Amino acid sequence: MKFSVVSSLSITAALMGLSLCNASSLRGKEDDTAAHHRILQNKVGRFLKADIQYENKQARGPEVILSIELEDGIFEVENTGDNGRWAKDLESGIDSIEIGQGATKSGGKINMGGTPPVPRGRNVSDRNLVEEEDSQARSPEQQRMLDELHRQLAVGNKSVLAVRVVHDGSTPSAALGRLDPSYSLAQLAIDVFDEGNTNLVTQYRRCSHDKLNFGRAGTRETNNPTRVTSIANGVVEVKVSTDCSGTCDGVMRNDVNVALQNAFGVSSPNQLADYVMQCHPPGSFGGIAYAYINYWLSIYNDNWCRYTSTQLHEVGHNLGLAHSGEGTAQYADQSGFMGYSYSQFNQQMCFNNAKNWQLGWFSGEVASIGLNDNFIGNLKGQVNYGNGDTTSKVVVKVDDPNSQEAFYVGFNHGISHNINTAEGKNQVTVQTYTGSGYSQSTLLSKMGSGGTFTGVLGSSTVTVTVGTINLTTGLAPVEITYGSVSPPPTPAPTV
């Protein structure tokens, strides 16, 4: 069977899911009395993971939230007795987990009583892709098709709905003024969609070289104009009554989803658009933004919904991208958007070498070498993809035959739509990345003309030597060697 028979609709349904999140909270105050301390029977649901960004590179709360999506919402899973190790090999949006009998559900959380959830297969429509009874048992062919399924999320035409969330003034916390949005609905439409700006729409199109094209959600009339405006220009405004006297993003998020459902007669907001950005007012949570991995929903704190880097970073999580780190800091590779986010408008940069390979946008202009092999040639920046020079490569992958780890080498050319890259500009960079799904990449080296990198991959040495970088031609000559490479034979003497 060829994977191409899987439609984009089934891919979206398989990896992102259509069920509505009705009653959950990532953290902070809970007030769901109907579900207070309810004892659960055995429940199977979709595993979801959210990564949370914080301002000034300082975490002031959890950086990862592990959750389950049940028929009545998304619930944070806590007190599993193993510090989250149960989720180590699970993929958000794809794997299912089972909550055992006797766990208690209170508000937006499920207390496991010291027993971790149990993996229970994968939510993929094609049963040939995975083993139902063992979510980790996959043949190489199944893994290849699952990798292709991930890449399908990062190509094609996708719609986006940006939601401006305001408070209706019905609770005392609204009087504090802390819930007033800092921008208008019209400004939000400009910041996310306008062709004259650098934003989610224009920058994903440029970075992917037209492989991934986001557009505005379609126009729709509301059934409840007092609480939800009609959808126009890709944006909508929703009034909520969420009591925000404490952290309330989880409750607010689900209040917004229910309001959208009721106003437009749908069972899930992602029936209105492929991706939904909820732009919360200031003070609803401590981070700047978060997103569910391999899913359709991202959440932003006030103006962070408007900044280019936050938009691309969080939707990158929706597409299956993990963070880009350096050293021990998981956000510190600033050569691309999966590192730190910046409170800046119109920032023009893209993604690092490992992410470029994972996204699959540059086919025909990448190369791979294995053990006891080398690459001698030119690298070119991803900004020059498709310029007719197919001998120069955007990324060279150095592949360890005995593990899933690889090095990724590329030239971070800082021009055009990558002119604002914040690290390694106009240098050759090397990242390491393990696997092909959601896994952090790490920046290992950045080199100018004459630079050299030496690292160990598996049990063999990788050496990268950079020649003279020519910024006029946009080419960086390199020699990449993995293991032992025999010199070419001496030609026979001519007579």
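Everything that follows concerns the structure shown earlier in this document.
Analysis parameters
Residues numbered from 1 in each chain as written. Predicted model: local features only at pLDDT ≥ 70, side-chain atom pairs only at ≥ 80, totals over all residues. Heavy atoms only, no water. Phe/Tyr/Trp six-rings, centres within 6.5 Å; stacked < 30°, edge-to-face > 60°. Helix = DSSP H or I, 4+ residues; strand = E, 2+ residues; numbered from the N terminus. Buried < 20%, exposed > 50% of the residue type's maximum accessible area, 1.4 Å probe, protein only. Expected span 1.5 Å × (residues − 1). Contact = heavy atoms within 4.5 Å. Disulfide = S-S within 2.5 Å. Pairing = 2+ DSSP bridges. Axes fitted to C-alpha atoms, helices over the stretch in contact; angles between N-to-C directions. Core = buried A, V, L, I, M, F, W, Y, C linked by side-chain atoms within 4.5 Å. Salt bridge = Lys/Arg side-chain N within 4 Å of Asp/Glu carboxyl O.

Draft legend 1. Inspection of the packing of aromatic side chains at higher detail. Evaluated as defined, the whole model comprises 19 aromatic pairs. Ring geometry for Phe 362 and Tyr 385: centres 5.1 Å apart, planes at 80°, overall edge-to-face. With Phe 362 in the loop between helix H7 (353-359) and strand S16 (366-369) and Tyr 385 in the loop between strand S17 (373-380) and strand S18 (395-399), the pair connects residues that are 23 residues apart, well separated along the chain. Grouping residues by exposure puts Phe 362 and Tyr 385 together as buried. Through a chain of ring-to-ring contacts, three or more aromatic side chains come together here, namely Tyr 204, Phe 214, Tyr 275, Phe 337, Phe 351, Trp 361, Phe 362 and Tyr 385.

Draft legend 2. Spatial organisation of helix H5 (residues 249-264). Relative to the 22 Å expected for 16 residues at 1.5 Å per residue, H5 spans 22 Å between its end C-alpha atoms, a close match to the ideal helical length. Considered for burial, the residues of H5 that qualify are Asp 249, Gly 250, Met 252, Arg 253, Asn 254, Val 256, Asn 257, Ala 259, Leu 260, Ala 263 and Phe 264. Positioned one or two residues after H5, Gly 265 has a phi angle of 65°, which is positive.

Draft legend 3. Main features of the side chain of His 413. Secondary-structure assignment places His 413 in the loop between strand S19 (405-412) and strand S20 (427-434). By relative accessible area, His 413 is classed as buried at 4%. In contact with His 413, not counting residues within four places along its chain, are Gly 381, Val 383, Asn 384, Asn 418, Asn 426, Leu 471 and Gly 474.

Draft legend 4. Structural detail: the state of the cysteines. Summed over the entire model, instances satisfying the criterion amount to two disulfides. Covalently, Cys 207 is tied to Cys 350 through a disulfide, its sulfur atoms 2.0 Å apart. Looking along the S-S bond of the Cys 207-Cys 350 disulfide, the torsion reads about -85°, which is the left-handed sense. Of this pair, Cys 207 sits in helix H4 (residues 200-207) while Cys 350 sits in the loop between strand S15 (324-326) and H7, and the two are 143 residues apart along the sequence. What makes Cys 207 buried here is its relative accessible area of 1%. Here Cys 279 connects covalently by a disulfide to Cys 305, the sulfurs 1.9 Å from one another.

Draft legend 5. Region of the structure containing the sheet that holds strand S23 (residues 460-466). Judged by pairing direction, the sheet is antiparallel, and its four strands sit side by side in the order S17-S24-S23-S22 without closing on themselves. Only two strands of the sheet have a single partner each, and these edge strands are S17 and strand S22 (452-457). Neighbour-to-neighbour, the strand axes of the sheet open up by a mean angle of 15°, direction not taken into account. Inspection of the sheet shows S17 paired to strand S24 (residues 475-482) by eight bridges, in the antiparallel sense. The partner of Asp 373 across the bridge, within S24, is Tyr 482.

Draft legend 6. Inspection of the environment of Asn 412 at higher detail. Mapping Asn 412 onto the fold places it in strand S19. You can call Asn 412 buried: its relative accessible area is 10%. Sequence-wise, Asn 412 and Val 383 are 29 residues apart; in three dimensions their C-alpha atoms are separated by 8.9 Å. Discounting chain neighbours no more than four positions away, the residues touching Asn 412 are Ser 335, Asn 418, Thr 421, Glu 423, Gly 424, Lys 425, Asn 426, Gln 427 and Thr 429.

Draft legend 7. Seen up close, the pairing of strand S21 (residues 441-447). Of all seven residues making up S21, five are buried, and the element is well covered by its neighbours. Relative to S21, S15 runs parallel, the two being bridged by three bridges. Bridging across to S21, Ser 324 finds its partner in Ser 441. Of the strand pairs in this sheet, S20 and S21 are connected by five bridges, and their pairing is antiparallel. Along S21, the bridge assignment pairs Thr 432 with Thr 442.

Draft legend 8. How the structure looks around the sheet that holds S16. Strand order in the open sheet formed by six strands is S15-S21-S20-S19-S18-S16, with mixed pairing between adjacent strands. Each edge of the sheet is formed by a strand with only one pairing partner; in this case those strands are S15 and S16. Shown here is a sheet whose adjacent strand axes are inclined to one another by a mean of 30°, direction ignored.

Draft legend 9. Inspection of the nonpolar core at higher detail. By size, the foremost hydrophobic cluster in this structure holds 48 residues, and its most contacted members are Leu 188, Leu 200, Tyr 204, Phe 214, Phe 351 and Trp 361. Of all the secondary-structure elements, those providing two or more residues to this core are strand S9 (156-167), helix H3 (185-193), H4, strand S10 (212-216), strand S12 (275-280), helix H6 (308-318), H7 and S19. Every residue in contact with Leu 200, bar those within four places of it in the chain, is listed here: Val 160, Val 192, Phe 214, Met 277, Gln 311, Leu 312 and Val 315. With 33 residues, the next largest nonpolar core counts Ala 50, Val 228, Val 266 and Trp 296 among its residues.

Draft legend 10. Just the pattern of salt bridges, in detail. Taken as a whole and judged by the stated rule, the model has ten salt bridges. Asp 191 is the partner of Arg 306 in a salt bridge, and the nearest nitrogen-oxygen pair spans 2.4 Å. Of this pair, Arg 306 sits in the loop between strand S14 (297-301) and H6 while Asp 191 is found in helix H3, placing the two residues 115 residues apart along the sequence. The two residues Arg 306 and Asp 191 agree in class, both being buried. The salt bridge involving Lys 446 is made with Glu 423; its shortest N-O contact spans 2.5 Å. With Lys 446 in strand S21 and Glu 423 in the loop between S19 and S20, this residue pair connects regions lying 23 residues apart in the sequence. Judged by relative accessible area, Lys 446 falls into the partly exposed class, the value being 38%. What makes Glu 423 buried here is its relative accessible area of 9%.

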